[in-house]
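Take a look at the letters that make up each chain.
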Amino acid sequence: KGQLLVQAAMEGDKLETALRVNEFIDMDADRSCADNSEPSLGGTAWHLIDVVWSEVPGDTPLEKAELNFSTEGGLTGSTGCNRLNGSYTRKDNSLLFGPIMTTRRACPDSLGALEMAVEAGLSKVNGFDISGGVLHLLQDGVPLLRYKPQ
């Protein structure tokens, strides 16, 4: 929380506008002041929009697959059919997933294909990029899965 002030400039007799911070509320380590137009990896609910590396039936509701990255390295979400839970580590644009556990309920055909594509895709990921508001999960710089914020 803060307030804008009009005060005398350091030099001369001009007035300048300044921001006084009265209370620090929160910080987002995944964002910088230079570029806050893109969503951050952590703290954002991401919904699948494209399986690049594998084919899934055309009528598959991709948006049912979601990922939620905590800012502390936890991962939750859905394969499109089953819930998932695991961990991740990141450094710069490197991203590695730890073991991912899923529930094991039976999935209809198209959601079963989606689940297999998501699970296999996540196991190959070693990097990420967020551009144009889209999260690209990458293997050696090549997109595997694409997600957008909810």
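Before reading on, note that the structure itself is shown above.
So, here is what we can say about the structure in this document. (Residues numbered from 1 in each chain as written. Predicted model: local features only at pLDDT ≥ 70, side-chain atom pairs only at ≥ 80, totals over all residues. Heavy atoms only, no water.)

Looking at the environment of Asn93
In step 1: Here Asn93 lies in the loop between strand S6 (83-91) and strand S7 (94-97).
In step 2: Not counting chain neighbours up to four residues away, the residues in contact with Asn93 comprise Asn126, Gly127 and Phe128. (Helix = DSSP H or I, 4+ residues; strand = E, 2+ residues; numbered from the N terminus. Contact = heavy atoms within 4.5 Å.)

Thoughts on the environment of Pro61
In step 1: Its place among the elements puts Pro61 in the loop between strand S3 (45-51) and strand S4 (65-69).
In step 2: Taking the C-alpha atoms as reference points, Pro61 and Asn126, separated by 65 residues in sequence, lie 25 Å from one another.
In step 3: If sequence neighbours within four positions are ignored, Pro61 has contacts with Leu111 and Leu114.

Some remarks on the environment of Gly133
In step 1: Locating Gly133 in the fold gives a position in the loop between strand S9 (127-131) and strand S10 (134-139).
In step 2: Those residues in contact with Gly133 that lie beyond four places of it in its chain are Glu38, Pro39, Trp46, Tyr147, Lys148 and Pro149.

Quick notes on the state of the cysteines
Two cysteines whose sulfur atoms are joined by a covalent bond form what is called a disulfide.
In step 1: Going through the model one piece at a time under the given rule, you end up with one disulfide.
In step 2: Residue Cys81 pairs covalently with Cys107 via a disulfide, S to S 2.1 Å. Linking Cys81 and Cys107, the disulfide has an S-S dihedral of approximately -100° and is accordingly described as left-handed. Taken together, the positions of Cys81 in the loop between strand S5 (74-79) and S6 and Cys107 in the loop between strand S8 (101-102) and helix H1 (109-124) put the pair 26 residues apart, joining distant regions of the chain. (Disulfide = S-S within 2.5 Å.)

Some points on H1
In step 1: Taking 1.5 Å of rise per residue, the 16 residues of H1 would be expected to cover 22 Å, and the 23 Å separating its terminal C-alpha atoms lies within 8% of that figure.
In step 2: Within H1, the full set of buried residues consists of Ser110, Leu111, Gly112, Leu114, Glu115, Ala117, Val118, Gly121 and Leu122. (Expected span 1.5 Å × (residues − 1). Buried < 20%, exposed > 50% of the residue type's maximum accessible area, 1.4 Å probe, protein only.)

Things to note about the pairing of strand S11 (residues 142-149)
In step 1: Here S3 runs beside S11; their pairing, made up of five bridges, is antiparallel. The residue bridging Val51 from the neighbouring strand is Leu145, located in S11. (Pairing = 2+ DSSP bridges.)

Quick notes on the pairing of S5
Remember that side chains alternate between the two faces of the sheet whenever the strand is regular.
In step 1: With five bridges joining them, S4 and S5 adopt antiparallel strand pairing. Paired with Phe69 across the two strands is Leu75, which belongs to S5.
In step 2: Following S4, the chain reverses through four residues before pairing antiparallel with S5; Gly73 in that reversal takes a positive phi of roughly 100°.
In step 3: Alignment of S5 against S6, held across five bridges, turns out to be antiparallel. Among the inter-strand pairings, Gly77 is bridged to a residue of S6, identified as Leu84.
In step 4: Counting the residues that bridge the hairpin from S5 to S6 gives three residues, and of these Gly80 lies at a positive phi of roughly 110°.

Focus: the pattern of salt bridges
In step 1: Across all of its chains, the model carries three salt bridges by this definition.
In step 2: Residues Arg104 and Glu115 are paired through a salt bridge, measuring 3.8 Å at the closest nitrogen-oxygen approach. One end of the pair, Arg104, is in the loop between S8 and H1; the other, Glu115, is in helix H1, with 11 residues separating them in the sequence.
In step 3: Given a relative accessible area of 61%, Arg104 falls into the exposed group.
In step 4: Among the salt bridges present, the one from Arg104 reaches Glu119, with a minimum N-O distance of 3.4 Å. Of this pair, Arg104 sits in the loop between S8 and H1 while Glu119 sits in helix H1, and the two are 15 residues apart along the sequence.
In step 5: Among the charged side chains, a network of salt bridges with common partners joins Arg104, Glu115 and Glu119. (Salt bridge = Lys/Arg side-chain N within 4 Å of Asp/Glu carboxyl O.)

So, the packing of aromatic side chains
In step 1: In total, this model carries two aromatic pairs according to the counting rule given.
In step 2: Judged by centre distance (5.0 Å) and plane angle (85°), the ring pair of Phe69 and Tyr88 falls under edge-to-face. Of this pair, Phe69 sits in strand S4 while Tyr88 sits in strand S6, and the two are 19 residues apart along the sequence.
In step 3: Residue Tyr88 is classed as buried on the basis of its relative accessible area of 9%. (Phe/Tyr/Trp six-rings, centres within 6.5 Å; stacked < 30°, edge-to-face > 60°.)

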